[in-house]
Amino acid sequence: MKILVTGFEPFGGETENASGTAVQRLGEIPGPDGVNLATAILPVTWSGAGPALLRAVETHQPDAVIAVGEAGGRAVVTPERWARNLGHGRIPDNDGVVRDAAPLAPGPARLESRLDPAALTRAIQDAGVPAEVSEDAGAFLCNAVFWTALHRTDLPATFIHVPAVRSQGTASIGAETDPENARAESALNFNDITHALAAAVDRYDVRHPVLDDPELGTWQAYTARAKAHPSGQTG
């Protein structure tokens, strides 16, 4: 079984994107025999994000897609239920484009995730990371990629928003997904987010330990460490 997991490059003048960092960490860990994990980092541009996702699908031929993005207004991991047929860029993308609110493509007003967000949420919670189902993926490029995965492919696909955490300091952006919400202070870190993605992938038969610790070379070792540190901090 092969699962494609995607994240995003930094944008808005930031040097990190929590989704891209966590996906890169996840992708550096080999999976068990017979199981493949493919990863891709997507550009934060209206012209490039959707096509990059479709190229990754064409290249890797996955059995399922889990796309990941960051949301600065959220403090926990949030698997999404709906992709909206709406694109709106309140800030410039990495090409400098500001998009007025408009449908992404001819089609229905929204499409539902093909991977159960409630099941993903339970798997992440069971791994010790706070999570809740989201009913609104926003209208920025995270939502656009989610829509593309559902509208342009027949694959089981979903989207997971993660808090916009940084290795140092706090994100200066983050209201693109939830413009009505103030920037959230999350207690999670990159280990927690990678842990959450590993749990989500594990829900669909792909298991990976968190990077950063050579002692965590097997899923069993990682599970034991996670139980000893239920907040998800393995360091």
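What comes next concerns the included structure. Because the structure is a prediction, the values reported are computed rather than measured.

According to the stated counting rule, one finds six salt bridges in the structure shown. Ionic pairing is found between R81 and E112, a salt bridge with its closest N-O pair at 3.9 Å. Of this pair, R81 sits in the loop between β4 (78-79) and β5 (82-84) while E112 sits in strand β6 (residues 110-112); the two residues are 31 residues apart in sequence, bridging distant segments of the chain. As a salt-bridge pair, R81 and E135 come within 3.0 Å of each other at their nearest N and O atoms. Placement of the pair is R81 in the loop between β4 and β5 and E135 in the loop between α3 (117-126) and α4 (141-151), with a sequence separation of 54 residues. Accessibility expressed as a relative area gives 46% for E135, which makes it partly exposed. Among the ionic contacts, a cluster of salt bridges with common partners joins E14, E70 and R166.

Further remarks concern helix α2 (residues 49-60). In this model, α2 (12 residues) spans 17 Å end to end at C-alpha, consistent with the 16 Å of a helix rising 1.5 Å per residue. Burial in α2 covers these residues: A49, G50, A52, L53, A56 and V57. Looking down the long axis of α2, one finds its buried residues gathered within 165° of arc, a one-sided arrangement. What points out from α2, more than 90 degrees from its buried face, is the exposed set E58 and T59. Residues of α2 that are buried in the fold lie against β1 (2-8), β2 (36-42), β3 (64-71) and α4.

In this structure, L4, F8, L53, V65, L141 and V145 are the most contacted members of the largest nonpolar core, which totals 31 residues. At the level of elements, β1, β2, α2, β3, α4 and β7 (157-163) are the ones that each hand at least two residues to this core. Looking at this core, the element that brings in the most residues is α4, giving eight residues. With residues up to four places along the chain from it excluded, the contact list for V145 reads F8, L42, A49, L53 and A67. Grouped together as the second largest cluster of nonpolar side chains are 28 residues, V77, A131, V162 and I193 included.

Turning next to the sheet that holds β2. Read across the open sheet, the five strands follow the order β2-β1-β3-β7-β4; overall the sheet is mixed. The sheet is open, and its two edges are formed by β2 and β4, each paired on a single side. Pairing of β4 with β7, which is carried by two bridges, proceeds in the antiparallel orientation. Bridge pairing in β7 links P79 to I160. Sheet strands touched by α2: β1, β2 and β3. Its angle to β1, the strand with the most contacts, is close to 155°.

Parameters and conventions
- Residues numbered from 1 in each chain as written.
- Predicted model: local features only at pLDDT ≥ 70, side-chain atom pairs only at ≥ 80, totals over all residues.
- Heavy atoms only, no water.
- Salt bridge = Lys/Arg side-chain N within 4 Å of Asp/Glu carboxyl O.
- Helix = DSSP H or I, 4+ residues; strand = E, 2+ residues; numbered from the N terminus.
- Buried < 20%, exposed > 50% of the residue type's maximum accessible area, 1.4 Å probe, protein only.
- Expected span 1.5 Å × (residues − 1).
- Arc of directions from axis to C-beta.
- Contact = heavy atoms within 4.5 Å.
- Core = buried A, V, L, I, M, F, W, Y, C linked by side-chain atoms within 4.5 Å.
- Pairing = 2+ DSSP bridges.
- Axes fitted to C-alpha atoms, helices over the stretch in contact; angles between N-to-C directions.

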